[in-house]
Amino acid sequence: WADVCLMGICSIDLKLGLTGFTYQESLVDRAMIETSKYVIALSTYDKIGASDPYYVCAANAIDVIVTEKDPSTTDLSGFKEAGILIK
């Protein structure tokens, strides 16, 4: 078990969840998330609201999204409403 999981992500969408570009990597990501107490997703802004072919988990399985955009000036309210902290 991991206390904190820091992971780079391929894409995250509120409805489609966290998704990945390759099947194998998506399985590893899913296992890491399922066995971690706190999950921090590192993402460039262009990956937020996007999707890829392989499902990893629901968006609200992520505790924090760290991105380069200022969360106070960017509309990420849907993620905030889902309980995800934006940094």
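Placed above this text is the structure.
Predicted, not measured: the structure shown is a model, and the values here were computed from it.

### With respect to the side chain of Asp 13
Position of Asp 13 among the secondary structure elements: in strand β2 (residues 11-13). Of the side chains with opposite charge, Lys 15 lies nearest to the buried Asp 13, which makes no salt bridge, at 7.1 Å. Side-chain polar atoms of Asp 13 contact the backbone nitrogen of Lys 15, separated by 3.0 Å. Contacts of Asp 13, omitting those with residues within four sequence positions, involve Gly 49, Ala 50, Ala 59 and Phe 79.

### With respect to the packing of aromatic side chains
Overall, the coordinates contain one aromatic pair when judged by the stated rule. When the ring of Tyr 23 is compared with that of Tyr 54, the centres are 5.8 Å apart and the planes differ by 65 degrees; the resulting orientation is edge-to-face. Note that Tyr 23 is positioned in helix α1 (residues 23-34) and Tyr 54 in strand β5 (residues 54-57), a separation of 31 residues in sequence. By relative accessible area, which is 46% here, Tyr 23 ends up partly exposed.

### Examining α1
Helix length check: α1, at 12 residues, gives a terminal C-alpha distance of 17 Å against a target of 16 Å (1.5 Å per residue), a fit within 8%. All of the buried residues in α1 are Ser 26, Asp 29 and Ile 33. Viewed along the axis of α1, the buried residues span an arc of 65 degrees, placing them on a single side of the element. Exposed side chains of α1 directed beyond 90 degrees from the buried face belong to Gln 24 and Glu 34. For α1, the secondary structure elements touched by its buried residues are β1 (2-8), β3 (17-20), β4 (36-42) and β5.

### What to know about the sheet that holds β2
Taking strand neighbours across the sheet as the criterion, the three strands line up as β2-β3-β5 in an open arrangement whose pairing is antiparallel. The sheet is open, and its two borders are formed by β2 and β5, each paired with just one other strand. Sheet twist, expressed as the mean angle between neighbouring strand axes with direction ignored, is 35 degrees. Here three bridges tie β2 to β3, and the two strands are oriented antiparallel to one another.

So, how was this worked out
Residues numbered from 1 in each chain as written. Predicted model: local features only at pLDDT ≥ 70, side-chain atom pairs only at ≥ 80, totals over all residues. Heavy atoms only, no water. Helix = DSSP H or I, 4+ residues; strand = E, 2+ residues; numbered from the N terminus. Buried < 20%, exposed > 50% of the residue type's maximum accessible area, 1.4 Å probe, protein only. Lys, Arg positive; Asp, Glu negative; His and termini not counted. Salt bridge = Lys/Arg side-chain N within 4 Å of Asp/Glu carboxyl O. Polar contact = N/O pair within 3.5 Å; in protein donor to acceptor, adjacent residues only side chain to side chain. Contact = heavy atoms within 4.5 Å. Phe/Tyr/Trp six-rings, centres within 6.5 Å; stacked < 30°, edge-to-face > 60°. Expected span 1.5 Å × (residues − 1). Arc of directions from axis to C-beta. Pairing = 2+ DSSP bridges. Axes fitted to C-alpha atoms, helices over the stretch in contact; angles between N-to-C directions.

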